Amino acid sequence: MKMLELLPIGSFDVRLLHDVAPALADAFRVPCHILPVRVDPEFAFHPERQQYHSSEILQAIQPYASCAWRVLGVAAVDLYIPILTFVFGEAQMGGPCAVVSFHRLMQEFYGLPQDVDLLIDRLIKESVHEVGHTVDLTHCDDYSCAMAPSHAVEWIDLKQPTLCANCQSRALEGVGQR
Ligand SMILES: [Zn+2]
Ligand SMILES: [Zn+2]
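Residues numbered from 1 in each chain as written. Chains lettered and ligands numbered in written order. Predicted model: local features only at pLDDT ≥ 70, side-chain atom pairs only at ≥ 80, totals over all residues. Heavy atoms only, no water.

A.B. asks: Tell me about the coordination of the zinc ion (ligand 1), residues and numbers included.
C.D. replies: With distances of 2.0 to 2.1 Å, the protein atoms coordinating the zinc ion (ligand 1) are H129 (NE2), H133 (NE2) and H139 (NE2). Sequence positions of the donors to the zinc ion (ligand 1) reduce to the motif H-x3-H-x5-H. A residue pair is termed a helical-turn pair when its members lie 3 or 4 positions apart in one helix, as H129 and H133 do in helix α3 (residues 116-134) at 4 residues. Accessibility expressed as a relative area gives 4% for H129, which makes it buried. (Donors = N, O, S within 2.8 Å, 3.2 Å for Na, K, Ca; no water. Helix = DSSP H or I, 4+ residues; strand = E, 2+ residues; numbered from the N terminus. Buried < 20%, exposed > 50% of the residue type's maximum accessible area, 1.4 Å probe, protein only.)

A.B. asks: Lay out the sheet that holds strand β7 (residues 89-91) with the relevant residues and their values.
C.D. replies: Strand order in this open sheet of 5 strands is β2-β1-β5-β8-β7, and the pairing throughout is mixed. Of all strands in the sheet, those bounded by a partner on one side alone are β2 (32-34) and β7. Averaged over all neighbouring strand pairs, the angle between strand axes comes to 20°, with direction disregarded. Relative to strand β8 (residues 97-101), β7 runs antiparallel, the two being bridged by 3 bridges. Bridging from a neighbouring strand, A91 pairs with A98 of β8. Contacts from α3 reach β1 (4-9), β5 (70-75), β7 and β8, with the element oriented near 160° to β8. (Pairing = 2+ DSSP bridges. Axes fitted to C-alpha atoms, helices over the stretch in contact; angles between N-to-C directions. Contact = heavy atoms within 4.5 Å.)

A.B. asks: Go over the pattern of salt bridges, please, and point to the residues and values.
C.D. replies: One pass over the structure, following the stated rule, counts 5 salt bridges. D78 serves as the salt-bridge partner of R104, at 2.7 Å between the closest nitrogen and oxygen. A residue pair is termed long-range when its members are at least 10 positions apart, and R104 in the loop between β8 and α3 and D78 in the loop between β5 and β6 (79-80) qualify at 26 residues. Among the residues examined, R104 registers a relative accessible area of 15% and is labelled buried. (Salt bridge = Lys/Arg side-chain N within 4 Å of Asp/Glu carboxyl O.)

A.B. asks: Which residues make up the environment of V135, and what values go with them?
C.D. replies: Within the fold, V135 resides in the loop between α3 and α4 (153-158). Residue V135 is classed as buried on the basis of its relative accessible area of 6%. Sequence separation between V135 and I81 is 54 residues; the distance between their C-alpha atoms is 21 Å.

Right, dumping it as structure tokens:
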């Protein structure tokens, strides 16, 4: 059975993903597995911005999708696309790849004390969001749905780590097409 594969990007403790994988498996009803490899994102670093171009990372992780249902890169580094100051993640609509960053999901980024539980909570929401795009889900008007758009962590904190009933049924149709 093809799986949703989590691909660590950059250097971090992958135990962070141990709660993310079951949440994704639950949301999309597919097994979720953490790949025992790591991608060094230095090729996507742009010194003029001191950030990493998420579209270049998406291209680079394509080969990992050959025997997966979907691949979600989870990046420790700060991501951007040229028209925006940053992105929490980027996905290919309809799949197979997406990337999410937890750099700006950490309280430390905002000068606040570390909160690992809050970080995991935010990472689950944004991971469900990006994988949702890979099954053709668009942004949702329900502010509590994981597919609601978020441009700041305060918006993420308003969301649930799950899809609303409407997005959930559309997502499972997408899963059925695998
Ligand atoms: Zn989105
Ligand atoms: Zn929704």
